[in-house]
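In case you want the letters, here they are:
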Amino acid sequence: SQTIHQWPATLVQPVGSPLSLECTVEGTSNPNLYWYRQAAGRGLQLLFYSVGIGQISSEVPQNLSASRPQDRQFILSSKKLLLSDSGFYLCAWSVSGTLMFFGPGTRLTVL
Amino acid sequence: DQQVKQNSPSLSVQEGRISILNCDYTNSMFDYFLWYKKYPAEGPTFLISISSIKDKNEDGRFTVFLNKSAKHLSLHIVPSQPGDSAVYFCAARGGIQGAQKLVFGQGTRLTINP
């Protein structure tokens, strides 16, 4: 069966510090991978998606970047965090495109 | 531009009654719609879906209705149970070929009262 892991579960970082969130998927090959963010009181906003190794599409201009160094690994990064980067970050995967499975999420608080 | 809208941020329903969550969309190219359920500090979990070629899909206590002419879908939960209390997200698919993306609404927080 397929599983998706995200870490860390929670993170508190000062403004201006770097960020690295990792997501890995098990039990499937060549998945589409996604990073979503849920800001306080808001819906799920798609940040990045990837259809293969090294292929990244950015949905909205922002202070973040993504990379996919391996087939089942997706990384969300920032060189300098802003207060507005606080939120709940969700990694997701999909193969058929008709259904998306989400990881447990990372709660990021930028102070 | 919010392509998928859930205009009710919250809904309170008595246990045993019917819960109706609504969702509107603007993009006529959307071909597949899904509902996800989310508990605090967890990732969303898939609940039920419907293809644009259908107008109804039922799974146990959950039924999703699609009205394409009105660009509206709804989720009915009957009877509502305390464990149904969560945030419900409506999502629509209609992305670039090879990288299907889901566009989500803002979510509706459902509270089931005993």
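See the structure above.
Everything in this summary refers to the structure shown in the same document.

The rules behind each value
Residues numbered from 1 in each chain as written. Chains lettered and ligands numbered in written order. Predicted model: local features only at pLDDT ≥ 70, side-chain atom pairs only at ≥ 80, totals over all residues. Heavy atoms only, no water. Helix = DSSP H or I, 4+ residues; strand = E, 2+ residues; numbered from the N terminus. Buried < 20%, exposed > 50% of the residue type's maximum accessible area, 1.4 Å probe, protein only. Polar contact = N/O pair within 3.5 Å; in protein donor to acceptor, adjacent residues only side chain to side chain. Contact = heavy atoms within 4.5 Å. Core = buried A, V, L, I, M, F, W, Y, C linked by side-chain atoms within 4.5 Å. Pairing = 2+ DSSP bridges. Buried area = accessible area lost by both parts, 1.4 Å probe. Salt bridge = Lys/Arg side-chain N within 4 Å of Asp/Glu carboxyl O. Axes fitted to C-alpha atoms, helices over the stretch in contact; angles between N-to-C directions.

1. Quick word on the side chain of His76(B)
Residues and elements named next belong to chain B. Note on placement: His76 falls in strand 8 (residues 72-77). According to the relative accessible area criterion, His76 is buried, its value standing at 18%. Here the side chain of His76 touches Ser74 through a polar contact of 3.4 Å, side chain to side chain. In contact with His76, not counting residues within four places along its chain, are Ile18, Ser19, Ile20, Arg61, Phe62, Thr63 and Phe65.

2. Quick look at the nonpolar core
As a rule of thumb, nonpolar side chains are buried together in soluble globular proteins. Counting 23 residues, the largest nonpolar core has Phe33(B), Trp35(B), Leu73(B), Leu75(B) and Tyr88(B) as its most contacted members. Within the residue set of this core, elements represented by two or more residues are strand 3 (19-25), strand 4 (32-38), strand 5 (45-51), strand 7 (62-67), strand 8, strand 9 (86-93) and strand 11 (108-113) of chain B. Per element, the largest residue contribution to this core is four residues, and it comes from strand 9 of chain B. Ignoring any residue separated from it by four or fewer positions in sequence, one finds Tyr88(B) in contact with Gln6(B), Leu21(B), Trp35(B), Tyr36(B), Lys37(B), Leu47(B), Leu75(B), Ile77(B), Gly107(B), Thr108(B) and Leu110(B). In terms of nonpolar packing, the next biggest core, distinct from the first, is built from 20 residues, Val25(A), Phe48(A), Ala66(A) and Tyr89(A) among them.

3. Thoughts on the sheet that holds strand 3 of chain B
Residues and elements named next belong to chain B. One open sheet accounts for five strands, arranged 1-3-8-7-6; its pairing is antiparallel. The open sheet has two edge strands, strand 1 (4-5) and strand 6 (56-59), and neither has a second partner. Where strand 7 meets strand 8, six bridges bridge the pair, whose relative direction is antiparallel. Paired with Phe62 across the two strands is Ile77, which belongs to strand 8.

4. A short note on the interface of chain B and chain A
Taken together, the contacts link 20 residues of chain B with 21 residues of chain A. Roughly 1,600 Å² of surface becomes buried between chain B and chain A when both sides are summed, with 60% attributable to carbon and sulfur atoms. Sorting the residues of chain B by area buried against chain A places Gln100(B), Lys101(B) and Phe104(B) first, and these three jointly supply 28% of that buried surface. The interface formed by chain B and chain A holds one salt bridge in total.

5. Topic: the side chain of Arg93(B)
Residues and elements named next belong to chain B. Relative to the assigned elements, Arg93 resides in strand 9. For Arg93, a relative accessible area of 13% corresponds to the buried category. A distance of 2.9 Å separates a polar atom in the side chain of Arg93 from a polar atom in the side chain of Asp31.

6. Section: the pairing of strand 4 (residues 32-38) of chain A
Residue and element names in this part refer to chain A. The element strand 4 is extensively covered by neighbouring structure, given that seven of its seven residues are classed as buried. Burial of strand 4 is two-sided: the residues Asn32, Tyr34, Tyr36 and Gln38 facing one way and the residues Leu33, Trp35 and Arg37 facing the other way are all buried. In this sheet, strand 5 (residues 44-52) lies alongside strand 4 in antiparallel orientation, the contact comprising six bridges. Within strand 5, the position partnered with Tyr34 by the bridge is Tyr49.

7. Some thoughts on the sheet that holds strand 1 (residues 3-7) of chain A
Residues and elements named next belong to chain A. Taking strand neighbours across the sheet as the criterion, the four strands line up as 1-3-8-7 in an open arrangement whose pairing is antiparallel. Among the strands making up the open sheet, the edge pair consists of strand 1 and strand 7 (65-70). With strand direction ignored, the average angle separating the axes of adjacent strands in the sheet is 20°. Across five bridges, strand 1 lies against strand 3 (residues 19-26) in antiparallel orientation. In the strand pairing of strand 3, Ile4 is matched with Val25.

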